[in-house]
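Reading the structure
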There are 2 protein chains.
Amino acid sequence: MTLMELAKQQGKAKVAIAARVDGVLRDLAAQAPPGGTVEWVMPEDRDGIEIMRHSTAHVMAAAVKELFPEAKITIGPAIENGFYYDFDVENPFTPEDLARIEAKMEEIVRADFSFEREELTKEEARARFPGELYKGELLDDIPEPTVSLYRMGNFLDLCRGPHLPSSGKVGAYKLMHTAGAYWRGDSGNRMLTRIYGCAFPKKKELEEYLHLLEEVKKRDHRRLGRELDLFSVNEEVGPGLILWHPKGSVVRRVMEDFWREEHAKARYDLVFSPHIARIDLWRVSGHLDYYRQSMFSSIGVEGQEYQLKPMNCPFHIQIYKSRMRSYRDLPIRYAELGTVYRYEPSGTLHGLLRVRGFTQDDAHLFLRADQLDEEIYSLLDFTLFVLRRFGFDRYEIYLSTRPEKFAGTQENWAKAEAALKRALDRKGLPYEVDPGEGVFYGPKIDIKIKDVLGRAWQCSTIQVDFNNPERFDVTFIGDDGAEQPAIMIHRALMGSLERFFGILVEQYAGAFPVWLAPVQTDVLSVADRHIEYAREVVAALRAAGYRAEGDFRNEKLGYKIRESQLQKVPYALVIGDREVEGRQVSPRRRGGEQFPPMSIGEFLETLRKEADNSGE
Amino acid sequence: MTLMELAKQQGKAKVAIAARVDGVLRDLAAQAPPGGTVEWVMPEDRDGIEIMRHSTAHVMAAAVKELFPEAKITIGPAIENGFYYDFDVENPFTPEDLARIEAKMEEIVRADFSFEREELTKEEARARFPGELYKGELLDDIPEPTVSLYRMGNFLDLCRGPHLPSSGKVGAYKLMHTAGAYWRGDSGNRMLTRIYGCAFPKKKELEEYLHLLEEVKKRDHRRLGRELDLFSVNEEVGPGLILWHPKGSVVRRVMEDFWREEHAKARYDLVFSPHIARIDLWRVSGHLDYYRQSMFSSIGVEGQEYQLKPMNCPFHIQIYKSRMRSYRDLPIRYAELGTVYRYEPSGTLHGLLRVRGFTQDDAHLFLRADQLDEEIYSLLDFTLFVLRRFGFDRYEIYLSTRPEKFAGTQENWAKAEAALKRALDRKGLPYEVDPGEGVFYGPKIDIKIKDVLGRAWQCSTIQVDFNNPERFDVTFIGDDGAEQPAIMIHRALMGSLERFFGILVEQYAGAFPVWLAPVQTDVLSVADRHIEYAREVVAALRAAGYRAEGDFRNEKLGYKIRESQLQKVPYALVIGDREVEGRQVSPRRRGGEQFPPMSIGEFLETLRKEADNSGE
């Protein structure tokens, strides 16, 4: 009995698209095993979606071969959100080609060709692909004596499978764009043309995805960074090095002030450390052995090597070690907005999200073992408080535990892991354990924040460190008078100010909440006779500590309002005859909402309330 | 007639110690010229003091030769505040030796030997210094055929003069310390022993100077930095690179917050720029040609040279140039607390005062020509406001004008110099003009602040720049639609945060005024039963935004008070029975002043008033 027959028997034939037989994925056309367990793979299953995407790649390749018979086929896997297929063609496909290919795919889907698997020897297989040199190469590399081919209509491909029962079962798809890709990713090989497509089980999902892509594009922090004059990166300065323009700097200053204030309240000590130091600091820390490829090359000074700092830890350790510490002095918490420099290949740099110089909101905690539990709990609390203030309240949390190679004792690891777990459990936070994924120096909690588009961004990290205390001999005098190693925690809440700012720009699409907005209120005069009072309004807002700008140009009001909207300023106050007479203001919300006239005092109260609320 | 006889004739013999004959200094023993002008050099004249100090060096050398006949004499000039003399001796002089030398000097002074000049040929002179090989070497190097010797008592020295009439005329002196010094400053030569002495016309001046030295020592920011745990420099990190400890960082944060707040009020835009950039930025600016010896060596990144920034200007220029600017946009003022790195030989580094990495309170102003006057005036005003807030209200001001080589037009220089002058005059500030001492790129105002000991420190600078706008093509669109060069002003108020902080530590001897103090109030419990209320007091102070610490240890009250005093905390609140009962606090001022018990609210009011006043 075939799996398809079994599926029919069980009434699954219309929905199941493949089966997992004794844990191995199979086409429905395969033989059902006499004994063995069979699980049906449904279109919405993770495996089902992947199979469907892979089959859609075959449908696309079939369409390409019909339209461009001279195209040589290579490989076409499923990927996140869709699939691709690489072709060797004389001329890369144009957008018009893509439209034709999409139309041809429709025909193939409507024809509902079944996917038929055939197993044969490599030599037999080779004969089936006359002229397809890439298939020949792939066959050369397969160690097994037999291989499988899949036929769907006229299209034949060397493929491990499994596939949908037929082309009619593919979901909703769309061809996206083409890109160059070297055969087998090797720049010594021929450049192929890759067609990317996306595919989802349901049309609605595809539409949502396409909408998401639109949103992502609209929110691109690089575009908004230019339009709102927030920051720039330029060739003269060098790639990956950020120039913070005045408006971006206001946001950064607000972020920093908030951060410093909350850290002071949480009894952290702020410190400042230099951006270079003798390279030996990183020799002792071990970074020179494990991390050199991410460090800039060193600088010679009077016969000594100096290093642009890739992290702040060794400096904080030096401050700790500048005097003898007693058990009574702990916990000691040093926090610094420390700008670090790490080498990244220029090709991987991306706006504010991947840079060469960035400011960590770094802190190092020096603890006694008995303080670990309470400290990690408060730290977790503090982290979420800070993230919430910026409007992030959905997270993905990961706890990474002891890897095979590790520093410190097994006992301490167990204690630290337990402390991290207890803190997560006590906060009632769902998390995934990544077994063995801790850094060699200690276990850690990583928090990814989810933005309004549902994208996850790795920001906060809480890492226990058993390595540095050992390497740098970081100790304290215990209550028994004996010297003991301190436990260190590295942590960053936002991670990198640059990156976090980039995420904020995308999260809010540049329309920052009042507390973060570079300009909080524009004051727009209707005519020259309103300027005097408008100036008073600006002065009153500034005196109350708000960021207000006046637009007193001799321009049409509509134009001024549009500009204020484009700059995404939360409020515009239009000052005309009525406002001057009543000594009032008429606020207009960024979205267009119009408030009734009110006194300056009432408006300040509105602003204050809004600024106090996090993330709008 | 000798000058001495002439002096007697004119009644000057008792006070004049030398004469300026036709502008050339002469001993009183010299012949009076038949015609020629004669000016008497008095003991308190600048030249008089120098002659007296030089003669004191001879007196010291005479004493050394009597006590240590084997000592070889070399040279002994007058220096600031005194003199030195270098000797070649087997064993360096001990403090006890210095005391003996001082006693012997007293004898020589009391003996009142006259200084007698003799002129003779080099060969004759050589015969007078048997065994004094250094004198022989000096004679070798004198091109003239004849030289002068001075005899005073038994002591003979090769010397140009002039000298006092006799050893009895030396002022008040004191031998200070010894130091090693290479013969002729060349480390290939033999190491000599130098004895430093100070000398002043009057005993009172010497005492004042010695007192000043004591004060300087007591206020040494390096010692206070250690004792008050403010900062450190260490070998592991590297010389000239500052680690700001928590308490120093509090002061820095207060300095920075004040600075940022006032700059925002003064309509500056804050910006942030990276610490490295492609070296070409400094090629364009011209620093690579003129300033390379003060720059760290470059860093190679993907075949490009990058440079640790020695200044922030090129970054601010890039931000300015990131879009087209109109005459309506100006003035634009970019301010940054930018940490720069400059190479200094390790031997010249000194605590916070001379370092390799420092944070400039930098700003660059981009102006139209018609804005120069008003802008410089406000800038001067702003500068003095900031300096006053830190307790400095005495200045030495210098206006440096066009040098021979200059960038820009003569006309613009004249305008800029006039604007700088007008601003100084309008503020009614006394200043000195340093003709030709401007930087090649523009005229400048330098302000030295005078500290409580009367020492002058160069901090603020206001520099007009005609060079960078040209080199970087910094322009704006004028009201006629044509592109014009902008005028730039560089300025720093504190100069370097590190250095200014060092000066502040010395200015206040570590006893910072309330607004700057790392800890503003210590709360000291007398016994355990007072801790609960003491905690409340700490919490109330912190809630009101003050930096308060509790000392609830089981230690004697006197001990706690002493510690608080040693840490120079402005207020200590002792919490005992009376305070708990009355829910009051009893403040004790840093100096010892005891206030009557008052409510927490009243104490907060006291603190607030004091914190609001600058410089106590």
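Attention in this report is confined to the structure presented alongside it. (Residues numbered from 1 in each chain as written. Chains lettered and ligands numbered in written order. Predicted model: local features only at pLDDT ≥ 70, side-chain atom pairs only at ≥ 80, totals over all residues. Heavy atoms only, no water.)

1. Concerning the overall build of chain A
Note the threshold: Per the convention used, a helix needs a DSSP run of H or I reaching at least four residues, while a strand needs a run of E reaching at least two, with both numbered from the N terminus. The buried label goes to any residue with under 20% of its type's maximum accessible area, the exposed label to any with over 50%, and the partly exposed label to all in between, with areas taken from a 1.4 Å probe on protein chains only. The contact criterion used throughout is that any non-hydrogen atoms of two residues lie within 4.5 Å. For accessible areas, the Shrake-Rupley method is used with a probe of radius 1.4 Å. Any residue's cover is judged against the shown protein chains and nothing else.
Each helix and strand counted, chain A has 19 helices and 30 strands in total. Principal-axis analysis of the C-alpha atoms places the extent of chain A at approximately 80 × 80 × 55 Å. By residue count, 55% of the 616 residues in chain A fall in the buried class. Residue pairs in contact within chain A that sit at least 24 positions apart in sequence constitute 69% of those at least 6 positions apart. Counting only carbon and sulfur atoms, one obtains 49% of the accessible surface of chain A, whose full area is about 27,100 Å².

2. Things to note about the pattern of salt bridges
In plain terms, the rule: Put simply, a salt bridge is a Lys or Arg side-chain nitrogen that is within 4 Å of an Asp or Glu carboxyl oxygen.
Within this structure, the stated rule accounts for 110 salt bridges over all chains. When the shortest N-O distance is used, the salt bridge between B:E66 and B:K104 registers 3.9 Å. Placement of the pair is B:E66 in helix 2 (residues 46–67) and B:K104 in helix 3 (residues 95–111), with a sequence separation of 38 residues. Look at B:K104 and you get buried, because its relative accessible area is 16%. In this structure, the salt-bridge partner of B:E536 is B:R583, at a minimum N-O distance of 2.5 Å. Placement of the pair is B:E536 in helix 16 (residues 531–543) and B:R583 in the loop between helix 18 (577–582) and strand 30 (586–589), with a sequence separation of 47 residues. Given the relative accessible area of 48%, B:R583 is considered partly exposed. The network of salt bridges with common partners includes A:R252, A:R253, A:E256, A:D257, A:R260 and A:E498.

3. What to know about the interface of chain A and chain B
Put simply, the test is: When two components associate, each loses some accessible surface as probed by a 1.4 Å sphere; the sum of these losses over both components is called the buried area. Polar contacts, as counted here, are pairs of nitrogen or oxygen atoms within 3.5 Å of one another; within protein the pair requires one atom able to donate a hydrogen and one able to accept it, and residues that are adjacent in sequence qualify only if both atoms are side-chain atoms.
Contacts between the two partners involve 56 residues from chain A, matched on the other side by 56 residues from chain B. Between chain A and chain B, roughly 4,900 Å² of surface is buried when both sides are summed, and carbon and sulfur atoms account for 56% of that area. Taken as a group, A:R253, A:F272 and A:E302 account for 14% of the area that chain A buries against chain B, more than any other trio of residues on that side. One can count eight salt bridges joining chain A with chain B. Here B:R323 and A:D229 are joined by a salt bridge, their closest N and O atoms 3.5 Å apart. Applying the counting rule to chain A against chain B returns 27 residue pairs in polar contact (both at pLDDT 80 or more).

4. So, the pairing of strand 1 (residues 18–21) of chain B
All names here are of chain B. Convention followed: A pair of strands is treated as paired once DSSP finds two or more bridges between them.
Note: strand 1 against strand 3 (residues 38–41), four bridges, orientation antiparallel. Residue R20 lies in a different strand from strand 3, and its bridge partner there is E39. Where strand 1 and strand 2 (residues 24–26) come together, three bridges link them in antiparallel fashion. If you follow R20 over to strand 2, its bridge partner there is L25.

5. Quick notes on the packing of aromatic side chains
Given two aromatic rings, one states the distance between the centres and the angle between the planes to describe the pair. How we decide: Centres within 6.5 Å are what make two rings of Phe, Tyr or Trp a pair, Trp counting through its six-membered ring; a difference in plane orientation under 30 degrees is then read as stacked, over 60 as edge-to-face, and the rest as tilted. Comment: the charge-over-ring label is applied if NZ (Lys) or CZ (Arg) is within 6 Å of the ring centre and within 35 degrees of the ring normal.
Across all of its chains, the model carries 54 aromatic pairs over all chains by this definition. Ring geometry for B:F296 versus B:Y343: centroids 6.4 Å apart, planes at 85°, classification edge-to-face. Placement of the pair is B:F296 in the loop between helix 10 (287–290) and strand 16 (299–301) and B:Y343 in the loop between strand 18 (332–341) and strand 19 (357–367), with a sequence separation of 47 residues. Members of the aromatic cluster, joined through ring pairs, are A:F258, A:F385, A:F390, A:F392, A:F500 and A:W515. For A:R53, the ring lying beneath its charged end belongs to A:F200, and the centroid distance is 4.9 Å.

6. Brief notes about the relation of the copies chain A and chain B
This is how it is decided: The copies were overlaid by least squares, fitting only the C-alpha atoms of residues that reach a pLDDT of 70 or more in each copy.
Of the two same-sequence chains, chain A is brought onto chain B (RMSD 0.7 Å, axial shift 0.3 Å) by a rotation of 179°. Accordingly, the operation relating the two chain copies is best matched by a two-fold axis. Scanning chain A for the C-alpha nearest the rotation axis identifies A:I299, at a separation of 3.3 Å.

7. What to know about unusual backbone geometry
A negative phi angle is the norm for most residues apart from glycine, just as the trans form is the norm for most peptide bonds. Between A:G161 and the following residue, A:P162, the backbone shows a cis peptide bond with an omega angle of -5°. Within the secondary structure, A:P162 sits in the loop between strand 9 (155–158) and strand 10 (172–182). In the segment running from A:L330 into A:P331, the intervening peptide bond is cis, with an omega of -5°. You can see A:P331 is positioned in the loop between helix 11 (313–320) and strand 18 (332–341). The backbone phi angle of B:D112 is positive, close to 50°, even though this residue is not glycine. The partly exposed category is assigned to B:D112, whose relative accessible area is 40%.

8. Section: the sheet that holds strand 2 of chain B
Residues and elements named next belong to chain B. Here is the rule: To get an axis, a line is fitted to the C-alpha atoms, and for a helix only the part in contact is used. The angle between two axes follows their N-to-C directions and goes from 0 to 180 degrees.
The strand order across the open sheet formed by three strands is 2-1-3, and the pairing between neighbours is antiparallel. Each edge of the open sheet carries a strand with a single partner, namely strand 2 and strand 3. The sheet shows a mean angle of 30° between the axes of neighbouring strands, direction not considered. Here helix 2 sits on the sheet in contact with strand 1, strand 2 and strand 3, set at roughly 60° to strand 3.

9. So, the pairing of strand 9 of chain A
Looking along a regular strand, one sees the side chains alternate between the two faces of the sheet. The alternating pattern of strand 9 of chain A places A:F155 and A:D157 on one face and A:L156 and A:L158 on the opposite face, and all of these are buried. Taking the residues that link successive antiparallel strands as the turn, the strand 8 (residues 146–152) of chain A-strand 9 of chain A hairpin has two residues, and the phi of A:G153 there is positive, at about 60°.

10. Re the nonpolar core
Residue and element names in this part refer to chain B. Quick note on the threshold: By convention a nonpolar core is built from buried Ala, Val, Leu, Ile, Met, Phe, Trp, Tyr and Cys residues, the set being connected through side-chain atoms within 4.5 Å. Domain start and stop positions are those given by an automatic or database domain assignment.
Core analysis: the largest hydrophobic core is formed by 90 residues, its most contacted members being M255, F390, F500, F501 and F512. Counting contributing residues, this core receives three or more from each of domain 3 (227–507) and domain 4 (521–613). If near-sequence neighbours (up to four positions away) are discounted, F512 is found in contact with L230, V251, F501, L504, V505, A517, P518, P570 and R590.

11. Comments concerning the side chain of A:S232
Residues and elements named next belong to chain A. Take S232: it is sitting in strand 12 (residues 231–232). Classification of S232 as buried rests on a relative accessible area of 15%. Within the structure, the side chain of S232 is placed 2.7 Å from the side chain of H245, a separation counted as a polar contact. Leaving out residues up to four positions away in the same chain, S232 has contacts with L241, I242, L243 and H245.

12. Quick look at the sheet that holds strand 3 (residues 38–41) of chain A
Residues and elements named next belong to chain A. Spatial ordering of the open sheet is given by 2-1-3, a layout of three strands whose pairing is antiparallel. Only two strands of the sheet have a single partner each, and these edge strands are strand 2 (24–26) and strand 3. Strand-to-strand, the axes of this sheet are offset by a mean angle of 30°, without reference to chain direction. Most of the contacts of helix 2 (residues 46–67) go to strand 3, to which it runs at about 60°, and overall it touches strand 1 (18–21), strand 2 and strand 3.

By themselves these figures say nothing about function.
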